[in-house]
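What the coordinates show
If you want the building blocks of each chain, they are given just below.
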Number of protein chains: 2
Amino acid sequence: MKEKIALILLSGGLDSSTLLAYAKSHGFTCIALSFEYGQRHHIELKAAIEIAKLNEVREHKIININLRSFGGSALTAEIDVPKHRSQEEMDQEIPITYVPARNTIFLSYALAYAEVMDIYDIFIGVNAVDYSGYPDCRPEFIEAFEKMANLATKNSIEGNKKLKIHTPLIDLKKSQIISMGLSLDVDYSKTVTCYDPGESGQPCQVCDSCKLRIKGFAELGLKDPAIKN
Amino acid sequence: MKEKIALILLSGGLDSSTLLAYAKSHGFTCIALSFEYGQRHHIELKAAIEIAKLNEVREHKIININLRSFGGSALTAEIDVPKHRSQEEMDQEIPITYVPARNTIFLSYALAYAEVMDIYDIFIGVNAVDYSGYPDCRPEFIEAFEKMANLATKNSIEGNKKLKIHTPLIDLKKSQIISMGLSLDVDYSKTVTCYDPGESGQPCQVCDSCKLRIKGFAELGLKDPAIKN
């Protein structure tokens, strides 16, 4: 049987770590792709490196891209990460942590790398249920990107393979993602989800991202293993 | 009347220099966006800087992106640029000068920058007539990108403006692009189109890109002003 190779967008967070385990469990040989994009913290990237190793990926490519030069987001510029927002506030507006066109840029690099490596399966851990309302996490965005990608490459003219963007987490609640990951032996104590971790790497527990994650574990009657006492 | 602002992808070549003059002549205040992407030569970027200044753009943003790390193209890796190809050869296959997903990545950055700057008009000088057969220069690619872009940003959820990707050169022959530029006073002696210029910046005159350009001028009974004797 021909080996199936997949490119996995890996941030080092809960979702993408589950995604990697999922792709592996579905028989894919995995290549991880991470970005250093002017995040305010590098702890997430360190987590990505450790998780890629634990999953014995064939290769882990890290690309340095400068989204900081654009500004416009609390994750890349000198803007405070909002904290203590209520569920209602989280539901109502796109927060300042949104990085303009981030997933479009990430997926474009993935597309380029996939083309060079002759890969036709890209996995991204977007989620449209327990998420922060980012536009580029919605199914209609992913579908439109896939359609565009299949017109963008050499293969779209000379070949006949179809590139697929896999989003196995898109319809799952956070607790369902965690359940899936636990069944695949994901070690969530090693994943970093917090938008604003301290020097120690400890999650702040009050940003949107921490709150969604803690709630997901709580729904399963569990404590977030990344929080050390 | 409200000022119309446009973001212009400017490489410093013949097409994008014409594009900038075109957008300006249509009443847009222009912001130029160029990329340093591991090209084998920086002469093109120097030309872009000069042309942006000549056109009195409001701002010229240069983004350094590392496409070299992917390899896979004669324009970013240590692969020889093909020369002396016949028109038939040029028509038949996508050449090694193709940079994987380049326009997708360029347009994604443009989208991010447009979002931060609240701009809804992006100009790109792709051309599907006298070109090298790159997949990401075709109208169907641009349409699919525009559709995706209009699902990717905050505005697609919270606003009601539609982002437009303008491609005024897409259906023109090279000679028609040159005619248009000459009527807009573009100084083509300052533009760099060659894939492999010498140290002096002189065009090689035998790569695909030089040949298409020389032919375009010849059809108008002109000599390419970039070629100095």
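This text gives an overview of the structure that appears in the document. (Residues numbered from 1 in each chain as written. Chains lettered and ligands numbered in written order. Predicted model: local features only at pLDDT ≥ 70, side-chain atom pairs only at ≥ 80, totals over all residues.)

Turning next to the overall build of chain A. Across its full length, chain A carries eight helices and five strands. Scanning chain A from its N terminus toward the C terminus, one meets helices and strands in the order β-α-β-α-β-α-α-β-α-α-β-α-α. Here chain A, with 229 residues, has 47% of them falling under the buried criterion. (Helix = DSSP H or I, 4+ residues; strand = E, 2+ residues; numbered from the N terminus. Buried ≥ 20, exposed ≤ 12 C-beta atoms within 10 Å, placed from the backbone.)

Bringing the relation of the copies chain A and chain B into the picture now. By a simple turn and slide, chain A fits onto chain B: the slide is 0.0 Å along the axis, the RMSD is 0.0 Å, and the turn is 180°. Both copies are brought into coincidence by an operation consistent with a two-fold rotation axis. Here 100% of the interface residues in chain A have copies in chain B that are interface residues too; the copies meet face to matching face. (Least-squares fit on C-alpha atoms with pLDDT ≥ 70 in both. Contact = placed C-beta atoms within 7 Å.)

Across the contact, 37 residues belong to chain A and 37 residues belong to chain B. Ranked by the residues each element gives to the side of chain A that touches chain B, the list is headed by helix 4 (residues 102-117) of chain A, at nine residues. Split by residue class, the side of chain A that touches chain B holds 21 nonpolar, nine polar and seven charged. (Nonpolar A, V, L, I, M, F, W, Y, C, P; charged D, E, K, R; others polar.)

With that settled, the discussion passes to helix 8 (residues 208-219) of chain A. Because each turn of an α-helix spans 3.6 residues, side chains separated by three or four positions in sequence point in the same direction. Residue and element names in this part refer to chain A. Between its terminal C-alpha atoms helix 8 stretches 17 Å, which fits the 16 Å expected from twelve residues at 1.5 Å a residue. Turning to helix 8, its buried residues number three or more, namely D208, S209, C210, L212, R213, I214, G216 and F217. At the C-terminal side of helix 8, G221 shows a positive phi close to 75°. (Expected span 1.5 Å × (residues − 1).)

Time to look at the environment of Y109 of chain A. Counting through the fold element by element, Y109 of chain A comes out in helix 4. Those residues in contact with Y109 of chain A that sit more than four places away from it in its chain are I63 of chain A together with I105 of chain B.

Quick look at helix 7 (residues 174-183) of chain A now. All names here are of chain A. For helix 7, the set of buried residues is K174, I177, I178 and G181. Angular distribution of buried residues about the axis of helix 7 spans 100°; they occupy a single face of the element. In this structure, the buried side of helix 7 is in contact with helix 1 (14-25) and helix 8. A positive phi of about 65° marks D185, the residue just after helix 7. (Arc of directions from axis to C-beta.)

Don't take any of this as a statement about function, it's just geometry.
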